[in-house]
Amino acid sequence: MFRTALRNLLAHRTRLLMTALAVLLGTAFVSGTLIFSDSVGQAFRNKMARSLDDVAVSVTASGRGPDAEGGGLDTRLADRIRALPGVASVRPSVTGTVTVADRNNDPAGSEWGSDGANYVPGKDGKDSRYPLVSGRGPASAGEVVLDTRTAAKTGAKIGGTVRLAVDGPVMTKKLVGTVETDDPRVGAGGSLALFDTATAQKLLGRPGAFGELVVSAAPGTDRNALTAKVRSLLPEHALARSGAELTAEQSKVIDNETSTIRKTFLVFAGISLFVGVFIVANTFTMLIAQRTREIALLRAVGASRRQVVRSVMIEAGLLGLVASAAGFLLGLGVAVGMRSLLNANGAQLPDGPLIVEPGSALTALGVGVLVTVLSAWLPSRKAARIAPVEALAAVDAPATTRSLVVRNTIGAVLTGLGVAAMLYVSTLDNARDLTVPMAGSALTLTGVIVLAPLLSRPVVHLFGRIATRVSGVSGTLARRNALRNPRRTAATASALMIGLTLITGLTVTAVSADRGVDRMGNQDLTADYKVSSSGFRGLAPETTRTLAKLPDVAAAVSLRPTGFESAGTPAGLRGTDVRAVGEVTAVKVVKGSLADVRGKGVAVAEDYAKKRGLTVGSELPMTFYDGKKATARVVAVHAKNDVLSDVLAADSFVDPHLDRVRDFEILVKAAPGKAAALSEKIKEALGGNPLVKVESRDDLRREAAGDIDDVLFMMYGLLGMAVVIAVIGVVNTLAMSVFERTREIGMLRAIGLARSGVKQMVRLESVMIAMFGAVLGVAVGLFLAWSGGHLLRSSFPEYEMVVPWGRIGVFLLLALAVGVLAAVWPARRAARLNMLESIGAQ
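Residues numbered from 1 in each chain as written. Predicted model: local features only at pLDDT ≥ 70, side-chain atom pairs only at ≥ 80, totals over all residues. Heavy atoms only, no water.

**Some thoughts on the overall build of the chain**
Thought 1: The helix and strand tally for the chain stands at 26 helices and 22 strands.
Thought 2: In terms of principal-axis extent, the alpha carbons of the chain reach across some 95 × 75 × 50 Å.
Thought 3: Contacts spanning at least 24 positions in sequence make up 83% of the contacts within the chain whose residues lie at least 6 apart.
Thought 4: Counting every atom, the chain has about 38800 Å² of accessible surface; 59% of that belongs to carbon and sulfur.
Thought 5: Of the charged side chains in the chain, 95 are positive and 71 negative; the average position of the first set lies 12 Å away from that of the second. (Helix = DSSP H or I, 4+ residues; strand = E, 2+ residues; numbered from the N terminus. Contact = heavy atoms within 4.5 Å. Areas by Shrake-Rupley, 256 points an atom, 1.4 Å probe, with all protein chains shown as cover. Lys, Arg positive; Asp, Glu negative; His and termini not counted. Charge placed at Lys NZ, Arg CZ, Asp CG, Glu CD.)

Listed below in structure tokens is the structure:
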């Protein structure tokens, strides 16, 4: 039976080509993901090992206590540690956030990657951590060194000036050098500014204090013993960790990050393989139908049912093994492509060789073989049930009515359970437990797949009527061919349906969320601009007063956020100029008056008031994050407002509970007719400070929607492989169907159907199958998006389902194009069949 399986595989290799390609692509996705995550993880570990190679002990502040910012890390402690036996050197480090201005006075680095640090020269005058490219290190308060990329963005040359800001006004410093750095934050689009140690302490921390002391050990020193000695010298709020502990901590972080990437990609690889299941099952079902006589002969000469099953399974296993091996090799290219693609989008992954673990190879091969064998199991069972005498006289064995009735019954039950679960989900108001939504979605999708043969009749019949009117006889023949075997049509269309279900559901959810963000940002905001600082560091209170004095500004109102707990429940608090806040946001007072918000009087949002049972006159006990307590009195209740918070108070009530009094947002209302040109005037009034962000309402909307669009397009890319495999399935089904109907096509040609008519028949059949899958996918995707979208309402009240009909139309047009393109090769092959040879084919 093994020789029989091998012979069948070689004899039908052309017909199995598309099936092998589907398995190949799926396993390539799996192996590429595994190799990519292993390679990136190892590259990060190698880079980390190099950076920690000379770190024996790291001393940092523990983050607790009144002096946690410095943790007692000063020059005296550094000298005491340096005097310990076995210590080779102690490198004091100061780090913080510095925003450097580029040529246009915008931040030269990303908002979360604008770094500043101290430059610590050794005996040779150079800092080994930051290799000099040009110039020298900083030696005085008026000097700065930049990384080469940031220096290029500023346009400054050695000896020129650089504008930068920490948390206040713009400073101008002389550029005295440029350095290279392997910091991934800088590589990913950030910036690096280096100062002499005294200047760095003054700007980024506290004079005389360090953020970290890096201890290097002399050769032969026991690092664990050295760590213990260092700990014995530390003050109460300082922490010492050995280099091994740092390595373990960072390795854990790397493993978690790469694991997240791996799991995300493997989910989409699994979807691609699941789509491939339909293609494999369809192929073997058609092959067995075409080899009915051959199987019957095997049964007649003594082959048992078990041997027939074994033969088909061996054939599937060999196909899966060959395709998986090729897919694994292709996965090497996929891994390289993933790295290049992410780097092109600013990821700046570290360089390193491809890491091919034995487990990755075995997993890819095992998954490919397992998927192929399991997909062929049901067709093999069908082959084993062929009776020798009946099969010898049969040309085709259509599915029995009973089998379709049983399938339809099972499909109806699964679909009913899934729809019931999703209707229940639509009544929920939170997303704490996703078990029911996930189970309901899976049941609905599975049920529709099982019901697809039944659903194919009305849908294909509808498209067939259109095709008949447009193409006449070719359209009629295409409709009958598509309806001849509903199981085959359903299996082929289901592969495309799965991809379009996910794409439609994600698109509807993303577009609806985008519109909700738009409403959230604009329905309550009446200001024309929001002024804030990069990295949420806040702006000096003088900034608000400066803006309020501009002639084109009608109002400038600051917001100072903090938090508190009341009755064990955390809540948000914002301090502002209550008299002017109504000019920059639409505040609808339900009870009381905002004029009474002064001293300990506060206004609360209506939903927070209902949650806590508050009304005008109620007392609100508050425990602030600084440990202090106060009791406020509710003097007003206002309708929900996304610009404000749970509780609104005067600045004088909030300021004592802030680490530093800073305005985190300044809302600016322009004078009538002055909004268009106000942005540049605001920047000019603030000295072109790169720390300051000036955003219009449109800017805020685009910023909020940008992340949603980025995620959506990434999902499109990851689901693209599933759609490609589905297209391969359509091509495969049509090609094998043409082979199966060789004699029929010959007869049609003999009675007058032209070659162009044959091509059109196959093409229209392909379009009907593709459109059937597209209609099902769009319908199921819309239903799942509608029912599942209700889970967002509690955390995102502005969410409301929006159907992007334009994009849905594009999806349907793409499905139409898929049908046309998938039929190119099968239609051409059908039209080129020799008439007489086709009629004589067995």
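**A word on the packing of helix H2 (residues 17-51) against helix H11 (residues 358-384)**
Describing two packed helices takes the angle between their axes plus the distance from one axis to the other.
Thought 1: Axis separation between H2 and H11 bottoms out at 9 Å; the angle between their running directions is 155 degrees. On the basis of their axis angle, the class for H2 and H11 is roughly antiparallel. Regarding H2 and H11, the two cross each other, and that crossing is right-handed. Residues Val23, Thr27, Ser31, Leu34 and Asp38 of H2 form the contact with H11, whose participating residues are Ser360, Thr363, Ala364, Gly368 and Thr372.
Thought 2: A class-by-class count of the residues in the contact of H2 with H11 yields 3 nonpolar, 6 polar and 1 charged. (Axes fitted to C-alpha atoms, helices over the stretch in contact; angles between N-to-C directions. Parallel < 35°, antiparallel > 145°, perpendicular 65-115°, else oblique. Left-handed = near helix turned anticlockwise from the far one by under 90°. Nonpolar A, V, L, I, M, F, W, Y, C, P; charged D, E, K, R; others polar.)

**Focus on the environment of Leu816**
Thought 1: Following the sequence through the fold, Leu816 ends up in helix H24 (residues 805-822).
Thought 2: Each C-alpha atom of the pair Leu816 and Ser766 lies 9.0 Å from the other, and the pair is 50 residues apart in sequence.
Thought 3: Beyond its immediate stretch of four places on either side in the chain, Leu816 contacts Val767 and Met771.

**A word on the pattern of salt bridges**
Thought 1: Using the criterion set out here, one finds 20 salt bridges in the structure.
Thought 2: Note that Arg241 is salt-bridged to Glu249, the shortest N-O span being 2.8 Å.
Thought 3: Because the salt bridges share partners, they merge into one network encompassing Arg484, Arg741, Glu744 and Glu765. (Salt bridge = Lys/Arg side-chain N within 4 Å of Asp/Glu carboxyl O.)

**Brief notes about H11**
Thought 1: Its 27 residues place the ends of H11 37 Å apart at the C-alpha level, agreeing with the 39 Å of an ideal helix rising 1.5 Å per residue.
Thought 2: At Trp377, H11 shows its strongest bend, of approximately 40 degrees, with the proline Pro379 following within four residues. (Expected span 1.5 Å × (residues − 1). Bend = angle between axes of the 7 residues up to and from the residue.)

**Quick notes on the pairing of strand S5 (residues 114-118)**
For a regular strand, side chains alternate in direction, first toward one face of the sheet and then toward the other.
Thought 1: Within S5, 5 of the 5 residues are buried, leaving the element largely enclosed by the surrounding structure.
Thought 2: Across the two faces of S5 the burial is the same, with Ser114, Gly116 and Asn118 and Asp115 and Ala117 all buried.
Thought 3: The pairing of S5 with strand S10 (residues 191-195) spans 5 bridges and is classified as parallel. Along S10, the bridge assignment pairs Ala117 with Leu194. (Buried < 20%, exposed > 50% of the residue type's maximum accessible area, 1.4 Å probe, protein only. Pairing = 2+ DSSP bridges.)

**A short note on the pairing of strand S12 (residues 238-242)**
Thought 1: Judged by which residues are buried, S12 turns out to be one-sided: Ala238, Ala240 and Ser242 face inward and are buried, whereas Leu239 and Arg241, on the alternate face, are not.
Thought 2: Relative to S12, strand S1 (residues 57-61) runs antiparallel, the two being bridged by 5 bridges. Following the sheet pairing, Ser58 is matched in S12 by Arg241.

**Comments concerning the packing of helix H15 (residues 473-484) against helix H23 (residues 755-789)**
Thought 1: The N-to-C vectors of H15 and H23 enclose an angle of 45 degrees; their axes lie 8 Å apart at closest approach. In terms of orientation, H15 and H23 fall into the oblique class. Of the two elements, H15 crosses H23, and the hand of that crossing is right-handed. Listed contacts from H23 to Ser474, Gly475, Leu477, Ala478, Arg479, Asn481 and Ala482 of H15 are Gly757, Gln760, Met761, Leu764, Glu765 and Met768.

**Here we look at a positive patch on the surface**
Thought 1: Among the surface-exposed residues, Arg755, Lys759, Arg763, Arg828 and Arg832 lie close enough to one another that they form a single positively charged patch.
Thought 2: For the positive patch, the element with the most residues is H23, which contributes 3 residues.
Thought 3: Take Arg755: it is sitting in helix H23. (Patch = residues over 30% accessible without salt bridge, like charges linked within 9 Å, V, L, I, M, F, W, Y side chains within 5 Å.)

**Re unusual backbone geometry**
Thought 1: Residue Asn105 is not a glycine yet carries a positive backbone phi of 65 degrees.
Thought 2: Unlike most non-glycine residues, Ala567 shows phi in positive territory, near 55 degrees.
Thought 3: Relative to the helices and strands, Ala567 resides in the loop between strand S14 (553-566) and strand S15 (569-576).

**A short note on helix H6 (residues 197-204)**
Thought 1: Those residues of H6 that fall on the buried side of the exposure criterion are Thr199, Ala200, Gln201 and Leu204.
Thought 2: Looking at the buried residues of H6, the elements they touch are strand S3 (95-97), S5, strand S9 (171-179) and S10.

**Section: the confidence of the model for the chain**
Thought 1: Looking at the chain, the pLDDT average stands at 87 and 93% of residues meet or exceed 70.
Thought 2: Low pLDDT, under 50, characterises residues 64-69; the predicted model gives this stretch 11 contacts beyond four residues in sequence or across chains.
Thought 3: Across residues 394-402, confidence stays below pLDDT 50; counting only partners more than four residues off in sequence or on other chains, it has 6 contacts. (pLDDT = per-residue confidence, 0-100.)

**Let's talk about a nonpolar patch on the surface**
Thought 1: Together, Val336, Leu354 and Val356 give the surface a local cluster of nonpolar side chains, amounting to about 220 Å² of exposed area.
Thought 2: Mapped onto the elements, Val336 comes out in helix H10 (residues 305-344).

**Observations regarding the sheet that holds S12**
Thought 1: Taken in spatial order, the 4 strands make up an open sheet running S2-S11-S1-S12, and their pairing is antiparallel. The open sheet terminates on both sides in strands that have one partner only, identified here as strand S2 (87-93) and S12. Between one strand and the next, the sheet's axes are offset by a mean angle of 20 degrees, whatever the strand orientation.
Thought 2: Sheet contacts for helix H3 (residues 75-82): S1, S2 and strand S11 (212-217); angle to S2, the most-contacted strand, approximately 165 degrees.

**Description of the packing of aromatic side chains**
Here a ring pair, both rings aromatic, is described through the centre-centre distance and the interplanar angle of the planes.
Thought 1: According to the stated counting rule, one finds 7 aromatic pairs in the structure shown.
Thought 2: With 6.4 Å between their ring centres and 55 degrees between their planes, Phe564 and Phe624 make a pair best called tilted. Here the residue Phe564 occupies a position in strand S14, and Phe624 occupies one in strand S18 (residues 619-624), the gap between them amounting to 60 residues. For the pair formed by Phe564 and Phe624, the shared burial category is buried.
Thought 3: Ring centres of Tyr716 and Phe811 lie 6.4 Å apart, and the angle between their planes is 85 degrees; on these two criteria the pair is classed as edge-to-face. Here Tyr716, found in helix H21 (residues 697-740), pairs with Phe811, found in helix H24; they are 95 residues apart in sequence, far enough to count as distant.
Thought 4: You can call Phe811 buried: its relative accessible area is 11%. (Phe/Tyr/Trp six-rings, centres within 6.5 Å; stacked < 30°, edge-to-face > 60°.)

**A few points about the environment of Ile466**
Thought 1: Turning to its location among the elements, Ile466 is positioned in helix H14 (residues 435-471).
Thought 2: For the pair formed by Ile466 and Thr476, sequence separation is 10 residues and the distance between their alpha carbons is 9.5 Å.

**Overview of the side chain of Asn689**
Thought 1: Topologically, Asn689 is positioned in the loop between helix H20 (678-685) and strand S22 (692-696).
Thought 2: Engagement of the side chain of Asn689 in a polar contact is seen with the backbone nitrogen of Leu691, the distance being 2.8 Å.
Thought 3: Excluding residues that lie within four positions of it along the chain, Asn689 makes contacts with Asn105, Ala165, Gly168, Pro169 and Val170. (Polar contact = N/O pair within 3.5 Å; in protein donor to acceptor, adjacent residues only side chain to side chain.)

**Here we look at the environment of Asn118**
Thought 1: Note on placement: Asn118 falls in strand S5.
Thought 2: Among the residues examined, Asn118 registers a relative accessible area of 1% and is labelled buried.
Thought 3: Setting aside residues up to four positions removed in sequence, Asn118 forms contacts with Arg91, Pro92, Ser93, Val94, Asp127, Tyr130, Leu194, Phe195, Thr197 and Ala200.
Thought 4: Only 2.8 Å separates the side chain of Asn118 from the backbone nitrogen of Val94, close enough to count as a polar contact.
Thought 5: Within the structure, the side chain of Asn118 is placed 3.3 Å from the side chain of Thr197, a separation counted as a polar contact.

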